[in-house]
Amino acid sequence: MHPHDFGWESQLLETGFLAIFLCPVWTLSPVPRRCPPSLICIWTFRWLIVRIMLGAGLIKIRGDKCWRDLTCMDYHYETQPVPNPMSYYMHRSPWWIHRCETLSNHLIELIFPLFTFLGRRMCAVNGAVQILFQVVLIVSGNLSFLNWLTIVPSLACFDDASLGFLFLSGGGVKKTVLEIQNEDAAGRTPKPNKGMLIRRVVNISLAVLIGYLSVPVVLNLFSSKQVMNTSFDPLRIVNTYGAFGSITKERTEVIFQGTLNQDPKDPEALWEEYQFLCKPGDLHRRPCLISPYHYRLDWLMWFAAFQTYEQSEWVIHVAGRLLSNDSAVLSLLDHNPFQDRETPRWVRGEHFTYKFSQPGTASAAQGKWWLRKRIGAYFPAVDLEGLRGYFQSRSWPHPHTSPKQELKT
Ligand SMILES: *[C@@H]1O[C@H](CO)[C@@H](O)[C@H](O)[C@H]1NC(C)=O
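Predicted model only: the values in this text are computed from it and were never measured.

### Topic: the sheet that holds strand β4 (residues 272-273)
- Read from one edge to the other, the open sheet built from 4 strands follows the order β4-β3-β7-β8, with strand pairing classed as antiparallel. In this open sheet, the two strands that pair with only one neighbour each are β4 and β8 (370-382).
- Across 9 bridges, strand β3 (residues 251-259) lies against strand β7 (residues 346-356) in antiparallel orientation. Among the inter-strand pairings, Thr252 is bridged to a residue of β7, identified as Thr353.
- Where helix α12 (residues 296-305) meets the sheet, it contacts β3, β7 and β8, and its direction lies at approximately 105° from that of β3.
- The strands touched by helix α13 (residues 314-323) within the sheet are β3, β7 and β8, with β8 carrying the most contacts at an inclination of about 80°.

What follows is the structure, encoded as structure tokens:
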């Protein structure tokens, strides 16, 4: 898996693939009388939610001591990739709430999924717990569309009887479903025609395929060297999931700054900060709310912040694009301090630790959501001339300054 891929992308592929088999082929009716979705299709979704949860749960208890001593949630809200405003408040829950959260996380990811195999009532309980869990995650942070996507296979844990309340009584859909169920119960199912037989063959082949492709996935789940978010087949039909095996205890951020000063070593130089769409930067800016949307660059900056620029060279690429006033890269940012002015002569990356401010303190009263402390330079001040060699040796096109547009008068 490419390091810039995200687990929910293969999860989307897998969910989409399974959904193909739910659709009737020849009819647009929502409740096709002749070929309701096979139980096999429903079980492929249940199998998916079981794997997602066990993968996530196992990687945690194997990954980080804080999942075993139940302290992980003391850090998670503050250090997760892109916190939202609720994360700020949930971070301040009393310690025993954080312990309970971590414990419930384990129950939900390791115990409840097994309910799927214990009959329709228990299966529905698991479905409800999983959906509730995802809703809590959506409220407490920005994890892109991952949580919304995970709700989809959880829906398969319910059967018609438990979902019936969603349909107004006497409505068309409900009536048809009841009729079909009564016919089934009376043994008056329509004689299988050729289409239904073909469909049955397709469904059984699907079961065999998923079973076969699940072998390496299950072996990985039980392996002590469990890997996260991996596909074992080129089409990514059956994948293994699981992230946040280890939790960062301290939030660090890379902040891009630019100056118009000729001399970057001048202590008087005024360094102004670029702001990303969502990731923490300006201490006064409220954490953003973007779920289910995913700002990829903001997320990658989170990875970059606990590496070095040598490990994430693309950060220098971004710096070059800022120096050349590149509109494509600037469009991924929220605030360019050099907008309507000259482009900066120098750009540098500064490395900071970030902490939530404490509600009720002076800094919070001044409107600060974050407090930060400088660690040092993430990358030194660079200018276009100095980057020439760096870009050339990586065969990146050298950034050109786009000419200043004539101001229309
Ligand atoms: C930077 O590019 C924008 C358009 O993308 C343009 O309006 C602006 O004038 C440019 N700034 C400079 C200093 O060239």
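### A look at the domain arrangement of the protein
- What the domain assignment reports for the protein is domain 1 (3-222) and domain 2 (251-393).
- Summarising the inter-unit geometry, the C-alpha centres of domain 1 and domain 2 are found 38 Å apart.
- Listed by partner, the interface residues are 24 residues for domain 1 and 27 residues for domain 2.
- Between domain 1 and domain 2, the buried area comes to about 2,400 Å², and carbon and sulfur atoms account for 65% of it.
- Residue Arg296 is joined to Glu9 by a salt bridge in which the shortest nitrogen-to-oxygen separation is 2.2 Å.
- On inspection of domain 1 and its partner domain 2, the count reaches 15 residue pairs in polar contact (both at pLDDT 80 or more).
- Here the side of domain 1 that touches domain 2 gets 4 residues from one element, more than from any other, and that element is helix α5 (residues 85-90).

### A short note on the UniProt feature "domain: Lipase maturation factor 1/2 C-terminal" (unreviewed entry) in the protein
- Sequence positions flagged by UniProt for "domain: Lipase maturation factor 1/2 C-terminal" (unreviewed entry) are, in local numbering, residues 237-380.
- Annotated as 19% helix and 28% strand, the span residues 237-380 places its first and last C-alpha atoms 44 Å apart.

### Regarding the state of the cysteines
- Counted according to the given criterion, the structure contains 2 disulfides.
- Here Cys66 engages in a disulfide with Cys72; their sulfurs sit 1.7 Å apart. Its S-S torsion of about 60° marks the bond between Cys66 and Cys72 as right-handed, since a negative value means left-handed.
- Through a disulfide, Cys278 is tied to Cys288; the S-S separation comes to 1.6 Å. Between Cys278 and Cys288 the sulfur-sulfur dihedral comes to about 90°; the bridge is accordingly right-handed. In this pair, Cys278 is assigned in the loop between β5 (275-276) and α12 and Cys288 in the loop between β5 and α12, connecting sequence segments 10 residues apart.
- For Cys288, a relative accessible area of 12% gives the class buried.
- Of note for the protein: the bonded cysteines, numbered N- to C-terminal, pair according to 1-2, 3-4.

### Examining a nonpolar patch on the surface
- On the surface, Leu39, Trp43, Phe117, Leu118 and Met122 cluster together to form a nonpolar patch covering roughly 490 Å² of accessible area.
- Of note, Phe117 is situated in the loop between α6 (95-111) and α7 (120-140).
- Phe117 gets classed as partly exposed once you look at its relative accessible area, which sits at 47%.

### Let's talk about the nonpolar core
- In this structure, Phe256, Tyr274, Trp314, Leu322, Val347 and Phe379 are the most contacted members of the largest nonpolar core, which totals 37 residues.
- Of all the secondary structure elements, the ones that give two or more residues to this core are β3, α12, α13, α14 (327-330), β8 and α16 (384-393).
- Two domains share this core, each providing at least three of its residues, namely domain 1 (3-222) and domain 2 (251-393).
- Those residues within four positions of Phe379 in sequence are excluded, and the remaining contacts are Phe256, Tyr309, Val315, Ile316, Ala319, Val347, Arg348 and Gly349.
- Within the second largest apolar cluster, 25 residues are counted, among which are Leu48, Ile52, Ala156 and Ile210.

Thresholds applied
- Residues numbered from 1 in each chain as written.
- Predicted model: local features only at pLDDT ≥ 70, side-chain atom pairs only at ≥ 80, totals over all residues.
- Heavy atoms only, no water.
- Pairing = 2+ DSSP bridges.
- Helix = DSSP H or I, 4+ residues; strand = E, 2+ residues; numbered from the N terminus.
- Contact = heavy atoms within 4.5 Å.
- Axes fitted to C-alpha atoms, helices over the stretch in contact; angles between N-to-C directions.
- Domains from an automatic or database assignment.
- Buried area = accessible area lost by both parts, 1.4 Å probe.
- Salt bridge = Lys/Arg side-chain N within 4 Å of Asp/Glu carboxyl O.
- Polar contact = N/O pair within 3.5 Å; in protein donor to acceptor, adjacent residues only side chain to side chain.
- UniProt positions renumbered as here; feature names shortened; annotations may be inferred.
- Disulfide = S-S within 2.5 Å.
- Buried < 20%, exposed > 50% of the residue type's maximum accessible area, 1.4 Å probe, protein only.
- Patch = residues over 30% accessible without salt bridge, like charges linked within 9 Å, V, L, I, M, F, W, Y side chains within 5 Å.
- Areas by Shrake-Rupley, 256 points an atom, 1.4 Å probe, with all protein chains shown as cover.
- Core = buried A, V, L, I, M, F, W, Y, C linked by side-chain atoms within 4.5 Å.

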